[in-house]
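Observations on chain architecture
Read off the chains here:
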Amino acid sequence: MKNQNNIQAKRKFMLSAIAGGILAMYGAGAHASVTNPVIGQLLWSEEFNGPSLNSLVWTADDGNGCQINLCGYGNQELQYYSPNNLSIVNVPFESNSRALAIKAQRQTIGSNSFTSGKVTSAGKVQVQYGMIEMRVSTPALGTGLWPAAWLLGSSPQSWPRNGEIDIVEMGHRASARAAAGNAPIDSFVGANVITYQQAACVPGNESCAASTAWQTKNWYIAPTSMANRFVTYRLYWTESQMRFTVVDNGVEHNMYDKPLPVNSSALQAPFYLLLNLAVGGNFTDAASPGQVTAPLPGTMYVDYVRVYQLDGKGSVKLGNQSTPEVGKFGVFTDNTAVNNKQVAGASSDIFVWNNASMSAGNIAPFEGSNVMALNYTAPNQWFGGSVQSRQAHDMSNFRNGNLKFRIKIPANVAFNVSIQDTYTNQNAVKFPANATTYGLVRNGDWATATIPVSTLVGPKVALQSMLDLFQFSSEATQLPTAPFQMAIDDIVWESGTPTPTPTPTPTPTPISVSATQTGPTTLQFAVRSSAWADVHYTVNSGGQQNIRLRQDAGNNTYAAGGLKAGDVVKYSFTYWDVAKNYAVDTAQQTFTMK
């Protein structure tokens, strides 16, 4: 489900030392098998059995894309996504089953002639590796319906740099099904992986999006229509390989002829889930409402989404996983002592915004072995660049601190330094030519600038969710009139916040916590509280799982599945004590499955 955007593409170049590090990273790594996998315990599941959509897991879209400055969601889609088109229902064609129902129908809202539904787990559930399994039923598609179950990278970077994994896509254009012998639209399903690849940066593809489905067999053709019946879809995912399959009438079929190599670091990071039923758009043969022939209303049903361990790998993270940075944070530095830092090519990227005016320079580093050295070659043209994080950083502890950096630039070149959050809010400060500003002595040699974060943040930048922790650009009213070289190094945020004195922990309010075996393979954890609660547990001393329990009428519960008799489960809880206004950790306990 391509999620293109209208942000101007920013091309990057990498320092040779950094690029070499990336190649080394790809050359190494484990080789867990996805063709003969060992499926372990159930890490997380959404069974859609409750009375309504679980808002702790899912967020319903409300709009046609224009609300995020992406009208038609980048694909010229024709629908308006409405929460009213989502419900948990009894499945009409399968007794004793409840499922998420996503209904597409003819209904005019504003300029849109159709409404449908879409849910995402962004900021609530993130998955990295494992076996992801979904049981899905699609409606009769006709021309125009486009059901999808997919994932997007949780990184704040723009598409396709964050990565996209399409587990289920149906409703393809006739031309896309031609390579499969013009398969019937209700029998044809495909999978896809989209990443940023430099080799894909060609005219007409300015986003540099590379698709694994390009001129490659990536589909399954069912012997009978898949309309209004459940089919199971699986993604086997490790740090080195991906495999997509369809389980139809008990038989598992590969969608690609062989596993796909993980060829981007974006695919080695957490992803969130999306489920939707689009109407029209450039994936289908319906570019306008009059071309939609699908029988409407039509409903897509999702019976469950489950995540299992695969060869001992796999994790599910719940809630906002960002931990506030403290002390000193290195944006781009080798030797400065910091509490935490990002590394270009691994956890951040260096972008040059205008390749027509700048190329790689040859100024030596101020410290360490890496430097952002640049050569300005186009007088009277603008320049700019940034260090962009691959994951959002919470810099809220730095509001009273400083941003410090070293720069070597001619004294007669004016420039700006700015920062940007994940919501695209940006603020800049100016460094005029031939003037000492923020301590920066303009003599053409290496010098240090110290900008108070309180000044740099401006009125809108959200420090709790930062994307670009350093940006530089030319001053629009004073563009350089001659070529020059410049370099930037040792970029560090300093919090300026002393370590707080620990507050004595109050005696917690007693509440009921429990672990109860509810079936031969299921153990239910429960915390009696009106606030949130988490469970932390291991099975047979394996990896620890951290799960946010579901809140319902003052009781928090979570059912761990995939267990068997004799399994030893060690568990503890963290819950919010409403009366004392703080989080409480319980002592670890042990339960043996019977």
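Heads up: these notes are all about the structure in this document. Here the residue numbering is sequential within each chain, running from 1 through the sequence in written order. Residues qualify for local features only when their pLDDT is at least 70, as the model is predicted, and side-chain atom pairs are given and counted only at 80 or more; totals for whole chains, interfaces and linings, by contrast, use all residues. Only hydrogens and water are set aside when side-chain values are computed; all heavy atoms of the structure are taken into account.

1. What to know about unusual backbone geometry
Geometrically, the link from W159 to P160 is a cis peptide bond, its omega value of 5° lying close to zero. The residue P160 is located in the loop between strand 10 (145-153) and strand 11 (164-169) in this model. Omega for the bond connecting L296 with P297 falls within 30 degrees of zero, at 0°, which places this linkage in the cis form. Runs of H or I in DSSP of at least four residues are treated as helices and runs of E of at least two as strands, each being numbered from the N terminus. Secondary-structure assignment places P297 in the loop between strand 19 (271-279) and strand 20 (298-310). Phi angles above zero are rare outside glycine, and N228 is one such case at about 60°. Looking at where N228 falls in the secondary structure, it is placed in the loop between strand 14 (219-221) and strand 15 (230-237). Although it is not a glycine, Y438 sits at a positive phi angle of roughly 50°.

2. A short note on the environment of N64
With respect to the secondary-structure elements, N64 resides in the loop between strand 2 (59-60) and strand 3 (79-81). Sequence spacing of N64 and P483 is 419 residues, and the spatial spacing of their C-alpha atoms is 46 Å. In what follows, residue pairs with any heavy atoms lying within 4.5 Å of each other are defined as contacts. If we skip the residues at most four places from it in the chain, N64 touches L70, C71, G72, Y73, Q79, Y80, S111 and N112. Think of a polar contact as two N or O atoms within 3.5 Å of one another; within protein, one of them needs to be a possible hydrogen donor and the other a possible acceptor, and neighboring residues in sequence only count if both atoms come from side chains. There is a polar contact of 3.0 Å between the side chain of N64 and the backbone nitrogen of C66.

3. Details of the sheet that holds strand 39 (residues 555-560)
One key point about sheets: their strands pair by backbone hydrogen bonds, in either a parallel or an antiparallel sense. Strand order in this open sheet of four strands is 34-35-39-38, and the pairing throughout is antiparallel. Two strands close off the open sheet at either side, each with one partner strand: strand 34 (513-519) and strand 38 (550-552). Put simply, the sheet's adjacent strands are angled 30° from each other on average, direction ignored. We treat two strands as partners when DSSP finds at least two bridges between them. A fitted line through C-alpha atoms serves as each axis, taken over the contacting stretch for helices, and the angle formed by two N-to-C directions is quoted from 0 to 180°.

4. As for the nonpolar core
By convention a nonpolar core is built from buried Ala, Val, Leu, Ile, Met, Phe, Trp, Tyr and Cys residues, the set being connected through side-chain atoms within 4.5 Å. With a 1.4 Å probe rolled over the protein chains alone, any residue whose accessible area is under 20% of its type maximum counts as buried; one over 50% counts as exposed, and the rest are partly exposed. With 81 residues, the main nonpolar core has F244, L275 and F525 as its most contacted residues. By residue number, the principal contributor to this core is strand 19, which donates five residues. Not counting the four nearest positions on each side in its chain, L275 is found in contact with F48, W58, L100, I102, G117, K118, V119, M134, A148, A149, V302 and V305. Core analysis: the next-biggest nonpolar cluster, separate from the first, contains 42 residues, V352, F405, I407 and L463 among them.

5. Observations concerning the packing of aromatic side chains
Planes of paired rings set the category: under 30 degrees apart is stacked, over 60 is edge-to-face and the rest tilted, where pairs are Phe, Tyr or Trp rings (Trp by its six-membered ring) whose centres lie within 6.5 Å. In total, this model carries 23 aromatic pairs according to the counting rule given. Taking the centre distance of 5.1 Å and the plane angle of 65° together, the rings of F405 and F470 count as edge-to-face. Taken as a pair, F405 in strand 28 (residues 402-408) and F470 in strand 32 (residues 466-474) lie far apart in primary sequence, 65 residues in all. The class of F470 is buried, set by a relative accessible area of 0%. Taken together, the ring pairs connect F405, F415, F431, Y438 and F470 into an aromatic cluster. Between the NZ or CZ atom of R243 and the centre of the ring of Y236, over which it lies, the distance is 4.9 Å. Look at NZ for Lys and CZ for Arg. If either is within 6 Å of the ring centre and within 35 degrees of the ring normal, a charge sits over the ring.

6. A word on the sheet that holds strand 24 (residues 348-352)
Read from one edge to the other, the open sheet built from five strands follows the order 24-27-32-29-30, with strand pairing classed as antiparallel. If you trace the sheet from one side to the other, it starts and ends with strand 24 and strand 30 (426-431), each paired once. With direction set aside, neighbouring strand axes in the sheet form an average angle of 15°.

7. Notes on the pairing of strand 30
Only one face of strand 30 is buried, namely the one carrying N427, V429 and F431, since none of Q426, A428 and K430 on the opposite face is buried. Here strand 29 (residues 415-421) folds back onto strand 30, and the loop between the two strands holds four residues, one of which, T424, carries a positive phi near 75°.

8. Description of the side chain of T138
Within the secondary structure, T138 is located in the loop between strand 9 (130-137) and strand 10. Those residues within four positions of T138 in sequence are excluded, and the remaining contacts are P147, M170, M226, A227, N228, R229 and T299.

9. Thoughts on the pattern of salt bridges
Only one rule defines a salt bridge in this text: a Lys or Arg side-chain nitrogen within 4 Å of an Asp or Glu carboxyl oxygen. Under the counting rule described, the total for this entry stands at 13 salt bridges. We note a salt bridge from E133 to R234, for which the minimum N-O separation is 2.7 Å. Highlighted residues: E133 in strand 9 and R234 in strand 15, separated in sequence by 101 residues. When its relative accessible area of 5% is taken as the criterion, E133 is described as buried. A salt bridge links D303 to R135; the shortest N-O distance between them is 2.8 Å. Taken together, the residues span a long stretch of sequence, with D303 in strand 20 and R135 in strand 9 at a distance of 168 residues. R135 matches D303 in its accessibility class, with the two residues each being buried.

10. Focus on the state of the cysteines
Should the sulfur atoms of two cysteines be covalently bonded, the bond is a disulfide. By disulfide we mean two sulfur atoms from cysteines, separated by a distance within 2.5 Å. Evaluation of the coordinates by the stated rule reveals two disulfides. Covalently, C66 is tied to C71 through a disulfide, its sulfur atoms 2.0 Å apart. The chirality of the disulfide connecting C66 with C71 is right-handed, given an S-S dihedral of about 125°. According to the relative accessible area criterion, C66 is partly exposed, its value standing at 34%. Note on cysteine connectivity: C201 is disulfide-linked to C208, with sulfurs 2.0 Å apart. Handedness here is read from the sign of the S-S torsion; for C201 and C208, about 120°, the answer is right-handed. The pair formed by C201 and C208 is uniform in burial state, with each residue classed as buried.

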